[in-house]
Each structure stands twice: as structure tokens, then as C-alpha cells.
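The lines below spell out each chain.
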Amino acid sequence: MEHEVAYSTELTKIHHTNYVRNSRAIAVLWGIFTVIYAILNIVVFIQPQWFGDTGESDLPGFFGLWRYCELLTYGSDYSCQGDFLEFIKIDNPSFQAASIFVGIAALLFLLSVACFLLFFFLNTATVLKICGWFQVIGALCMFLGCVIYPNGWDSKAVRAVCGLGADSYKIGSCGLRWAYILSIVLIFDAAILAVLAFVLAAKQARLLPEIYKTEKAEMNGFSSDTMSKRSGLPAMSEDHFSEYSHRSEKSKRSSHSLRAM
């Protein structure tokens, strides 16, 4: 029986060790993908390749959140305009709002990366929950930015490139480019990273198995053998007690017989 208990204890320890290793490996992957997401979010925020001209467009050009480039004369370089620091000069209010939301998403994921330093000071589950909430809000901001952005396709600069058919949520003769498609993909990536952060936090918050508690209690307790070793007295088992009781009964009988004589 003792061998079976010892075997189950060791088996539980092995399973728990593997569980902890797998959780840490997944947490490391989550951290790596969070860093990659933050870099991609910054690239999407800066790049003006959200949509642009096709073969049917009136003029060559392409647009981003707060910057757009046009080819005024064939054979010359693109002339780019727009600066996020000069926020008022951004082409229209829809582009301004989209720039704010995508910028907030990039900032929140940078804060998530900075929160990795908190692993040295706070509980792992607490840090994962903080990063998870940052990523949830970041995913929501990214979603709002992607939804609001097409509302600004009715501006004069867009119609000069995409034709008169361009309107709110109508791109005209232009086409979507890689930055806008990547931003849509990043919405789902942010949601997945947030869910994974909360799942890892829940796993980190789980207690140790009950067998560890009983084992710890047994280690902290004092057995009769330990007490006998510390006191220098022999350990008394049930056989010793029974032998002692038999001897005491025999001595009582012999004393009664002597008194009768």
C-alpha cells in the first residue's frame, strides 16, 4: 500500500512538472507573438499602403491613415503629404479618427511588451491579466480604426486618384493594399492573444494538487519513531503493548495466589 501511494505521488509530480513546463512554453510563445504584433501594428500605422491606384485609376497614388502619396507628373517621384504631429492637416475627420484608434492600439501593445518587466515584481497571473486587458482594448481600437477608415474615401484627394465613383465605403477605381488587409488580420490576432493571456492567467492561478498538501502535512508532522529517536526511548508498537499487558496480568495472578497461601 505504501509503495502504491509513493508511486501515485511521484506520478502526480511528473504530470504537474510537465504541466508547468508546457504552460511556460506557451507563455513564452505568447510573449514572442505579442512583440511581433506590436512591431506589425507600428508598421501598419506608419505605412501609406492602405489602398491605392490600379490600372483604371485616374492618377497613380496611394493612401495610408494620415499620409498619402501622389504622382503628379509621370516619370517623377511620388509626392507624399501628411504628418501625424500636424494632426489638423490630416485629409478628413474619418482618417483622423482611424489614426487615433490604430495609434492607441499600437501604444497598448507597446505597453503590453513593457509589462514583461513586471514578471520580476508581481505574480505571473496578475501580469498576464493586465496584458490581456491591454490586448482586448487594443483589438477593439484596431477594429474601430478599420471600420471608420473607409468613411473618408469621399475626400477630394481620394477622388482625384480613384475617380468620381469614390465615396464613403466605396473605393471607386482604386484597390485595397497590404497594409489595410494586414490591419484586419491584426484584429483577430489581438483577440487571440488576449484570450490566450487570460487562459494562461487562469492556469497559473491553479493550486497544487491535494497530494502535495497531504505530503507536506506529513513532512511537518511528528511520527512516533521520530519522537522516540529524539527522546532516546524505544518506539512502542502494538505488539509491545500487548506483551506488557500479558505480563502485568501474570504478575497480578501470582500475587493473588501468594496471598491465598
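Residues numbered from 1 in each chain as written. Predicted model: local features only at pLDDT ≥ 70, side-chain atom pairs only at ≥ 80, totals over all residues. Heavy atoms only, no water.

Draft legend 1. Main features of the state of the cysteines. Per the counting criterion, the structure on display carries 2 disulfides. Here Cys69 connects covalently by a disulfide to Cys80, the sulfurs 2.0 Å from one another. Classification of the bridge connecting Cys69 and Cys80 rests on its S-S torsion, roughly 105 degrees, and on that basis the disulfide is right-handed. Residue Cys69 is located in strand S3 (residues 68-70), and its partner Cys80 is located in strand S4 (residues 79-81); the two are separated by 11 residues in the primary sequence. A relative accessible area of 34% means that Cys80 is categorised as partly exposed. Disulfide partner of Cys162: Cys174, at an S-S distance of 1.8 Å. Taking the sign of the S-S torsion, -100 degrees for the link of Cys162 and Cys174, the bridge is left-handed. Residue Cys162 is found in helix H4 (residues 156-162), and its partner Cys174 is found in the loop between H4 and strand S5 (175-176); the two are separated by 12 residues along the sequence. You'll find Cys162 and Cys174 in the same group, each marked buried. Each disulfide of the protein joins two cysteines, and with those cysteines numbered along the sequence the arrangement is 1-2, 3-4. (Disulfide = S-S within 2.5 Å. Helix = DSSP H or I, 4+ residues; strand = E, 2+ residues; numbered from the N terminus. Buried < 20%, exposed > 50% of the residue type's maximum accessible area, 1.4 Å probe, protein only.)

Draft legend 2. Representation of the pattern of salt bridges in the model. Counted according to the given criterion, the structure contains 3 salt bridges. Lys89 is the partner of Glu86 in a salt bridge, and the nearest nitrogen-oxygen pair spans 3.5 Å. Take Lys89: its relative accessible area is 64%, and that puts it in the exposed class. Taking the shortest distance from any N to any O, the salt bridge between Arg159 and Asp167 comes out at 4.0 Å. (Salt bridge = Lys/Arg side-chain N within 4 Å of Asp/Glu carboxyl O.)

Draft legend 3. Spotlight on the packing of helix H3 (residues 124-148) against helix H5 (residues 178-204). At their nearest, the axes of H3 and H5 sit 8 Å apart, and the two run at 160 degrees to each other. Overall, the two elements H3 and H5 adopt an arrangement that is roughly antiparallel. The two elements H3 and H5 cross, and the hand of that crossing is left-handed. In terms of residue class, the contact of H3 with H5 is built from 20 nonpolar, 5 polar and 1 charged. (Axes fitted to C-alpha atoms, helices over the stretch in contact; angles between N-to-C directions. Parallel < 35°, antiparallel > 145°, perpendicular 65-115°, else oblique. Left-handed = near helix turned anticlockwise from the far one by under 90°. Nonpolar A, V, L, I, M, F, W, Y, C, P; charged D, E, K, R; others polar.)

Draft legend 4. Broad picture of the side chain of Asp53. Note on placement: Asp53 falls in the loop between strand S1 (51-52) and strand S2 (61-63). Polar side-chain contacts of Asp53 include one of 2.8 Å to the backbone nitrogen of Gly61. There is a polar contact of 3.2 Å between the side chain of Asp53 and the side chain of Arg177. Those residues within four positions of Asp53 in sequence are excluded, and the remaining contacts are Leu59, Pro60, Gly61, Tyr78, Val161, Cys174 and Arg177. (Polar contact = N/O pair within 3.5 Å; in protein donor to acceptor, adjacent residues only side chain to side chain. Contact = heavy atoms within 4.5 Å.)

Draft legend 5. Representation of the nonpolar core. Counting 45 residues, the largest nonpolar core has Trp50, Phe51 and Tyr149 as its most contacted members. Taken together, the elements giving at least two residues each to this core come down to helix H1 (2-46), helix H2 (93-114), H3, H4 and H5. Among the elements that line this core, the one with the most residues is H5, at 9 residues. Not counting the four nearest positions on each side in its chain, Phe51 is found in contact with Phe62, Phe63, Phe95, Tyr149, Trp153, Val158, Cys162, Ile171, Cys174, Gly175, Leu176 and Arg177. (Core = buried A, V, L, I, M, F, W, Y, C linked by side-chain atoms within 4.5 Å.)

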